Amino acid sequence: MKAGIVITCSFILGCSTHGQIRSKVKIEEPPELNARFKGANVIMVSLDALQAGHVHALGYPKDVTPVIDRLMRENYNFTNAVSVSSWTVPASMSWFTGVLPSQHKVVNKFSFYDPPRQIPSRLKELSPNLITLAEILKEQGYATAAFTGGAGVSGIFGFNRGFDRYVDDVKFGSMEYTVPKALQWLKDNKDKKFFLFLHGYDVHGQCEPSEGFDYRYVSRGYDGTYTGSKKEQEALREEGLTNGKVELRQEDVDFWRAVYDEKINRLDRKLGEFLREVDDLGLMRNTILCVTSDHGTEVYEHQRFDHGFSLYEELIHVPLLIKVPAGGRGRQIGDQVSSIDIMPTILELLQIELSPVLRSQLRGISLVEAMRARTVSREVYSETDYRRYTYKRALRTSDGWKFIYTLESGEKELYNLRNDPGERNNLAEKEARLAYELEQRLFAYFKSMGRDLSGNWETGCYPVYDSQAPR
Amino acid sequence: MVIVSFFICGCAAVTAGEPALVNTPVHEYTNVILISIDTLRNDHLGCYGYRRKTSPHIDRLAKRAVLFENFITQANLTPISQMSILTAQYPRANGMIEFESSEADVTGRRLPEILKYYDYYNAAFLSSIEFYKNVKLSRTGALIPARSVFEKHFDVYEPTRKNGDIPWDALGWIKRNKEKKFFLWLPLGSVHWPYSWMVPEADRKVFDPPRYSPFFRKYGAFPNANKDYMGIGILSRIYRGEYYCDFSPAHRLTKEDVAFIIARYDAGIRYTDMFIGRLLSVLEKQDLMDKTLIILHSVHGEDLGEHGYFQHYDIYDTEVKNALLIKFPGNKFRGKRIFHQVQGIDIVPTLLDYLQIPLDESFQGRSVTALIKNTDVSQINEFAYTSRIPLWEFVLSRYLLEWYQMIAMPQVFTKIESKKHYPEMLKEYFGTFPEYRYPPYDIAIRTNRWKLLWRKDPALQEKISWWGFISGKNISRKEIELYDLTQDPFERTDVAAAYPEVAAMLKEKLVLWDNKQEAGRSPGANRDSRERSIIPYP
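Residues numbered from 1 in each chain as written. Chains lettered and ligands numbered in written order. Predicted model: local features only at pLDDT ≥ 70, side-chain atom pairs only at ≥ 80, totals over all residues.

Trainee: Just give me the short version of the overall build of chain B, but keep the residues and values in it.
Mentor: Of the regular secondary structure elements, chain B holds 20 helices and 20 strands. By the burial criterion, 46% of the 538 residues in chain B qualify as buried. Contacts spanning at least 24 positions in sequence make up 71% of the contacts within chain B whose residues lie at least 6 apart. (Helix = DSSP H or I, 4+ residues; strand = E, 2+ residues; numbered from the N terminus. Buried ≥ 20, exposed ≤ 12 C-beta atoms within 10 Å, placed from the backbone. Contact = placed C-beta atoms within 7 Å.)

Okay, here's the thing in structure tokens:
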């Protein structure tokens, strides 16, 4: 055991009086985060496809996330965290590389796609020079393991780099599958310093609870024909892509929201079980925990289902919380931050010196300053290349504007998130000057990564070899 | 972002001469006038060294302006060159690649659109028909949609009452709108052929050789041949000093004939210059000079016999090296002459840079402010690129030739039955009129010293050459031509063989540029309809 003092951890069951005292202290004297956690363990949890807007602590009216809510209240909760992408592969790869999808280039499942020839995207080939978080931690002597639901986080894309063990042998697996394996690995490795990546598709459209739904949030009189199955979800998803939107009755929309809530609630409970077990193993007091999701889910907010095809808030606003072993008392942080900030934050918390190569690689910023109540708010960028269906790039300003540019059509969207959080009122023409200036910033940002958005859009797959470059 | 809006109402308060409010962006209080003169050769202006008094008023403007000695436009044809200037993009990127390009084809963002974002009142008074006269092609039914392509984003868009005449109405408009912050575009077509046709008789003849009678009057009833000005009907039948009728040389041009052609060309400049004089005095009287930035440029030049024709047919410097003056408010940088070459696509970035408006990231041109200020010039493009739009082969065949065939051919081309019609000849080589629009067969790269022309298919050009058609001669074309502009500014001596390494280096650069332009070709109207194979899920 690394840490000398045994603390009875109150992190799950922490009493409310403590919380009150803490908030008083915060007002009088902002607590300084002790960012010296050299050698601490790291657990990173991806609640795949969890929309920030469905988390109670982030404003969702229904109390579906008691475990996450408490974690958020008592730790560093980033209420305005934006994912770099709206689907699993590119978004998740950015956590581990600290760069935007345009830079790690794993933006599609294929780097070349012209059936029957399909070359899967592999980080090693697309971006041979990038260093991953797991590689760094492994080099620092960490035991590294990942337990994932496969599919978009399959090791083949390069996610397995730096991991001693990478579990991805199920497709759209949930935490019902990954948590027991992860706990077993923790038991086997608890005397080492470790990095664990835990992932589950529990709330994803292509995942159902093994015991079936109990429809705990569905209103009694629901008279529709939907059951919440992944088959139905798939049909709705494809219909939305084909027709641009799906026509549904409000009752059916409510039903799908209720199904989503049930999945979230079940995941929340599972997460609680996992963390209790980790705590019981005595690991929590020396572990940095980061819980987030790679992207959200659309449940008819813009008349579609699923994710990947847009960059609206329901897809890119994600939960992000960080728990540190001790010395940090938690804070609600409203600054706008990006999912590429997670890697530099973890590295700073662990006091790992950045090599010049790594320093020039990382595009995000460490959020430790934000955890110390200093503002770090800034413009953040998101992008999606989705199944060759659409190619979008977006910029979200720190003062609440969002500009979305669709490459294949040149369509521009501008939303004032402060008074139009649902992104219904496109102000690109009305606020033409702002739209123009944001467009230039967006283009300049991607140009700085070597991606020129002007002129022709590319076919969507990054060439692995020069001979595949689009002519 | 929000900060910008604080300044929106600040402009009206700033009067001429008053120092600008600190931190107020320049665009808040600066008018812009863009004078685009068609077919204007810079070496026929006093400020560029011409001896004849063609341009006293432009010269007066030049004294207060920055003058660019080597200003290279992106094409030899009006709408294409102009759209490159307005979008700061090469033709293939902005989508304006030929006369027939439609509004939907042109995807590049133009200057008036950007200025609109910054609350400019946009007005255009035009005399160049290329920007307003929609022409329907009789045989193909295709439309040259000039007006709809160019009028976008203008609050006022007024062609002259008489085609090709000076847009006099602009002067009254300035007086009436002097309180507004405006962008005024003045495309002037009065130098273009038919040379000086709208110039009043007395002014038309000022430079004529004494007691001269036009040579072409003797040769058949050509449309307007009874008048003494020269349109395409006459000019297109002059090649290498011969005037051709019915596929044979009818008249060898004398020195006097050439002097007459140039005299009439110059009379058009002089007439246009009078308008510039009127414009300047209106601006002075209305006290607008100090809050107005004036850009005067030529859209393309004109070969006046240097390469055998009187036309803007190719991409020699006579056609693509042009006039450019930028007069800044307060006559800043006055009298400065810039020798480093700049391009048509650099104008708008330079203007926006001065106005403190963010540049469009899609611009291919660059601000040349550094050249003007003598600061870091490393950002200035070393190379300029220009493309020949195959006017004769792709435009005239569908437009003017149709017209001439109907109206004039029977009289002019009596031997036409023994020859193939020119459009039929083209069809033979291109199939039914090419779906592949604007073949960029001839492109050029230019440095301050060298110019390399690359004709991708010289054999084809020899076959379809208009000059070959009209003269019945074999016209020979080379794939590569290299000129040392310092020794040979009129590009008469090809030195490709003498400087193989220079030719190879420039060719390589040019190929790179060409490939890039091809890859970045504007998707135009078809942008959203391209086939996409959606990758199956997951």
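Still to come is the rest of the account.
Trainee: I'd like a rundown of the overall build of chain A, residues and numbers included.
Mentor: Secondary structure summary: chain A contains 14 helices and 17 strands in total. Expressed as a percentage of its 471 residues, the buried residues of chain A come to 53%. Across chain A, contacts joining residues at least 24 apart in sequence account for 69% of those joining residues at least 6 apart.

Trainee: Tell me about unusual backbone geometry, and name the residues and values.
Mentor: Residue and element names in this part refer to chain B. Omega for the bond connecting Trp193 with Pro194 falls within 30 degrees of zero, at 0°, which places this linkage in the cis form. Considering the arrangement of structural elements, one finds Pro194 in the loop between strand E7 (182-188) and helix H8 (201-204). Residue Thr39 is not a glycine yet carries a positive backbone phi of 60°. Examined against the element boundaries, Thr39 turns out to sit in the loop between strand E1 (31-37) and helix H2 (56-63). A positive phi angle is found at Asp119, which is not glycine, with a value near 65°. Inspection of the secondary structure puts Asp119 in the loop between helix H5 (111-117) and strand E3 (121-126).

Trainee: Can you tell me about the sheet that holds strand E20 (residues 480-484) of chain B, naming the residues and giving the values?
Mentor: The strands that make up a sheet are held in pairs by hydrogen bonds between backbone atoms, and each pair lies either parallel or antiparallel. All names here are of chain B. Strand order across the open sheet formed by 4 strands is E17-E18-E19-E20, with antiparallel pairing between neighbours. Looking along the sheet, the strands with just one partner apiece sit at the ends: strand E17 (384-388) and E20. Looking at each pair of strands side by side, their axes are set apart by 15° on average, direction ignored. Where strand E19 (residues 450-455) lies against E20, 5 bridges are found, and the strand directions are antiparallel. Paired with Trp450 across the two strands is Asp484, which belongs to E20. Lying over the sheet, helix H20 (residues 500-519) contacts E17, strand E18 (442-446), E19 and E20, oriented at roughly 60° with respect to E19. (Pairing = 2+ DSSP bridges. Axes fitted to C-alpha atoms, helices over the stretch in contact; angles between N-to-C directions.)

Trainee: An account of helix H12 (residues 347-355) of chain B is needed here, citing residue identities and associated values.
Mentor: Residue and element names in this part refer to chain B. Listing the buried residues of H12 in full gives Ile347, Val348, Thr350, Leu351, Leu352 and Tyr354. Looking at the packing, one finds that the buried side of H12 touches E1, helix H3 (78-87), H5, strand E11 (292-298) and helix H13 (369-373). Within two residues after H12, Gln356 carries a phi angle of roughly 60°, on the positive side.

Trainee: Outline the environment of A:Val99, listing residues and values.
Mentor: Residue and element names in this part refer to chain A. Structurally, the position occupied by Val99 is in the loop between helix H3 (88-97) and helix H4 (101-104). On a C-alpha basis, the gap between Val99 and Arg36 in space is 25 Å, while along the polypeptide they are 63 residues apart. When near neighbours in sequence (up to four residues on either side) are disregarded, Val99 contacts Ser94, His104, Leu130, Ile340, Gln361 and Arg363.

Trainee: With reference to specific residues and values, describe the nonpolar core.
Mentor: Grouped together as the largest cluster of nonpolar side chains are 238 residues, with contacts concentrated most on A:Ile288, A:Ile346 and A:Phe403. With 11 residues, helix H9 (residues 250-280) of chain A is the largest single contributor of residues to this core. Of the domains in this structure, domain 1 (25-196 + 266-378) and domain 3 (388-520) of chain B are the two that each give at least three residues to this core. Formed by 25 residues, the second largest nonpolar core is a distinct cluster that contains B:Val199, B:Ala263, B:Tyr271 and B:Trp466. (Core = buried A, V, L, I, M, F, W, Y, C linked by C-beta atoms within 7 Å. Domains from an automatic or database assignment.)

Trainee: If you had to explain the packing of H2(B) against helix H10 (residues 255-285) of chain B to someone new, which residues and values would you point to?
Mentor: Residues and elements named next belong to chain B. In contact at an axis separation of 7 Å, H2 and H10 are set at 50° when each is read in the N-to-C sense. Judged by the angle between their axes, H2 and H10 are oblique. Here H2 contributes Pro56, His57, Ile58, Arg60 and Leu61 to the contact with H10, which in turn contributes Asp273, Met274, Ile276, Gly277 and Leu280. Residues that form the contact of H2 with H10 fall into these classes: 6 nonpolar, 2 polar and 2 charged. (Parallel < 35°, antiparallel > 145°, perpendicular 65-115°, else oblique. Nonpolar A, V, L, I, M, F, W, Y, C, P; charged D, E, K, R; others polar.)

Trainee: Before we move on, could you go through the pairing of E11(B) and cite the residues and values that matter?
Mentor: Residues and elements named next belong to chain B. By the criterion of burial, E11 is predominantly enclosed, with 7 of the 7 residues buried. By the alternation rule, side chains of E11 split into Thr292, Ile294, Leu296 and Ser298 and Leu293, Ile295 and His297, which are all buried. With 4 bridges connecting them, E11 and strand E14 (residues 321-327) associate as antiparallel partners. Note that in E14 the partner of Ile294 across the bridge is Lys327.

Trainee: Tell me what's going on with the sheet that holds strand E14 (residues 380-386) of chain A, and back it up with residues and numbers.
Mentor: Residue and element names in this part refer to chain A. Across the sheet, which stays open at both edges, the 4 strands sit in the order E14-E15-E16-E17 with antiparallel pairing between neighbours. A single partner strand is all that each edge strand has here, and the edge strands are E14 and strand E17 (412-416). Strand-to-strand, the axes of this sheet are offset by a mean angle of 15°, without reference to chain direction. Sheet topology note: the strand E16 (residues 401-406)/E17 ladder contains 5 bridges and is antiparallel. Each bridged residue has a counterpart across the sheet, and for Trp401 the counterpart in E17 is Asn416. Contacts from helix H14 (residues 432-448) reach E14, strand E15 (390-396), E16 and E17 within the one sheet, and its direction differs from that of E16 by about 65°.

Trainee: Give a detailed account of the pairing of E16(A), specifying residues and quantitative values.
Mentor: Residues and elements named next belong to chain A. With respect to burial, E16 is a largely interior element, 5 of its 6 residues being buried. When E15 meets E16, the two strands line up antiparallel, connected through 5 bridges. Considered in E16, the bridge of Arg393 is made with Tyr405. Hairpin connection of E16 to E17: 5 residues between the antiparallel strands, including Gly410 at a positive phi of 75°.

Trainee: Talk me through the packing of helix H7 (residues 175-189) of chain A against H9(A); I want residue IDs and the actual numbers.
Mentor: Residue and element names in this part refer to chain A. H9 packs onto H7 with a crossing angle of 5° between their chain directions and a minimal axis gap of 11 Å. Considering the angle they form, H7 stands roughly parallel to H9. Residues Met175, Glu176, Val179, Leu183 and Leu186 of H7 form the contact with H9, whose participating residues are Leu267, Lys270, Phe274, Glu277 and Val278. For the contact of H7 with H9, a count of residues per class yields 7 nonpolar, no polar and 3 charged.

Trainee: Any chance you could break down the confidence of the model for chain A for me, citing the residues and the numbers?
Mentor: Reading fine detail from the predicted coordinates is not recommended where pLDDT is low. Of all residues in chain A, 89% have pLDDT values of 70 or greater, and the mean over the chain is 90. In this model residues 1-30 of chain A is a low-confidence stretch, pLDDT under 50, and it forms 27 contacts with partners more than four residues away in sequence or in other chains. (pLDDT = per-residue confidence, 0-100.)

Trainee: Can you break down the confidence of the model for chain B residue by residue, with the values?
Mentor: Residues and elements named next belong to chain B. Mean pLDDT over chain B: 86, with 82% of residues reaching 70 or higher. Across residues 1-20 the pLDDT falls below 50, and counting only partners more than four positions away or on other chains, this stretch makes 25 contacts in the model. Here the predicted complex carries an ipTM of 0.88, next to a pTM of 0.89.

Trainee: Pulling in residues and values, what's your account of H20(B)?
Mentor: All names here are of chain B. Given a rise of 1.5 Å per residue, 20 residues ought to cover 28 Å, and the 28 Å separating the end C-alpha atoms of H20 matches this to within 8%. Turning to H20, its buried residues are Ala503, Leu506, Leu510 and Gln517. Angularly, the buried residues of H20 cover 75° about the axis, an arc narrow enough to put them on a single face. In this structure, H20 carries Pro500, Glu501, Glu508, Leu512 and Asn515 as exposed residues pointing more than 90 degrees from its buried face. For H20, the elements touching its buried residues are helix H4 (91-94), E18, E19 and E20. (Expected span 1.5 Å × (residues − 1). Arc of directions from axis to C-beta.)

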